[in-house]
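If you want the building blocks of each chain, they are given just below.
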Amino acid sequence: LININLDTKVPLIEVGDPEVVSGNRYTADKSFTDTGWHCHNMAVIGFMEAGLVGIRTEQKSMVLSSGMMVFIAKSNVHLEAGMGAEITGWFLCLPDERVKFMPKKLCVLGSSDLLLLICKRISSWGLVKCSEKSPSQKRLVLAFLDELALAKETDLLTIPLPHQSALILVAKQIMDHPEDMQSIDHWAQVAAMSRRSFTQYFGDETGVSFARWRQLVKLHQSLKLLSKGISVTDVALDLGY
């Protein structure tokens, strides 16, 4: 991963032996920009201990902050971007056949204390072949899978993205300039739709109202600016509050 230091010195996108349960810690400094679009050949669970990371797919954009856990399904194309703060955490790479009960997408998980503790223990093993795990390690992996099956998805700090090209154009312009305070009528005109059609289609495709969606974009941007040390007052003024 670009500008990310893995303790194993092995890029995460190259870790992927289906006979291996692998994990380790990662760190990134403030210079980390993004990984570029990529996917993994195994399912991945990541946990943020400190910092902020933005993750983007074609369907959604989200921010991970400290204490949050993310699941990335095998072959799910995504991009990870730094947000101006130092990052620490850990990850697990899991054989796809062991997590078939999980969603086939990227999602944030509400993790129990037990799931978190088990994940941290497994990630401390590094690379372990399934055939070489000790009996206690095998039992712990089974307990991990039981707890993972109970974990619930959450949409915390997640921005769903529309699918229609006209709405994608609007979404991109707003995400590029979240401080823009143009009215709904303006954005409906950009999408070449009536106000009523625009709000209806946007809500149908994202699952939230346009006003709520724009608030989420501003929230993402405010977190990014705050992590860079910009004052709350300046952030509020920059984003039109």
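**So, the environment of Phe 144**
Link 1 in the chain: Tracing the sequence through the fold places Phe 144 in helix 2 (residues 135–150).
Link 2 in the chain: For the pair Phe 144 and Cys 119, spaced 25 residues apart in sequence, the C-alpha to C-alpha distance is 7.1 Å.
Link 3 in the chain: Residues within four places of Phe 144 in sequence aside, it is in contact with Ile 45, Leu 92, Leu 94, Leu 115, Ile 118, Cys 119 and Ile 122.

**Focus: the sheet that holds strand 4 (residues 52–56)**
Link 1 in the chain: Taken in spatial order, the four strands line up as 7-4-5-12 in an open sheet, and their pairing is antiparallel. Strand pairing shows two members of the sheet lacking a second neighbour, strand 7 (79–82) and strand 12 (158–160), which therefore form its edges. Direction aside, the axes of adjacent strands within the sheet are offset by 15° on average.
Link 2 in the chain: Of the pairings in the sheet, the one linking strand 4 to strand 5 (residues 60–65) comprises five bridges and is antiparallel in character. Within strand 5, the position partnered with Gly 54 by the bridge is Val 63.

**A word on the packing of aromatic side chains**
Link 1 in the chain: Per the stated rule, a full pass over the model turns up six aromatic pairs.
Link 2 in the chain: Both rings, one in Phe 202 and one in Phe 210, keep their centres 5.1 Å apart while their planes meet at 90°; by these two values the pair is edge-to-face. Comparing Phe 202 with Phe 210 shows no difference in burial state: the two are buried.
Link 3 in the chain: With centroids separated by 6.5 Å and ring planes inclined at 15°, the aromatic side chains of Phe 210 and Trp 213 adopt a geometry described as stacked. On the criterion of helical spacing, the pair formed by Phe 210 and Trp 213 is a turn pair, its members being three residues apart in helix 6 (residues 210–227).

Parameters at a glance
Residues numbered from 1 in each chain as written. Predicted model: local features only at pLDDT ≥ 70, side-chain atom pairs only at ≥ 80, totals over all residues. Heavy atoms only, no water. Helix = DSSP H or I, 4+ residues; strand = E, 2+ residues; numbered from the N terminus. Contact = heavy atoms within 4.5 Å. Pairing = 2+ DSSP bridges. Axes fitted to C-alpha atoms, helices over the stretch in contact; angles between N-to-C directions. Phe/Tyr/Trp six-rings, centres within 6.5 Å; stacked < 30°, edge-to-face > 60°. Buried < 20%, exposed > 50% of the residue type's maximum accessible area, 1.4 Å probe, protein only.

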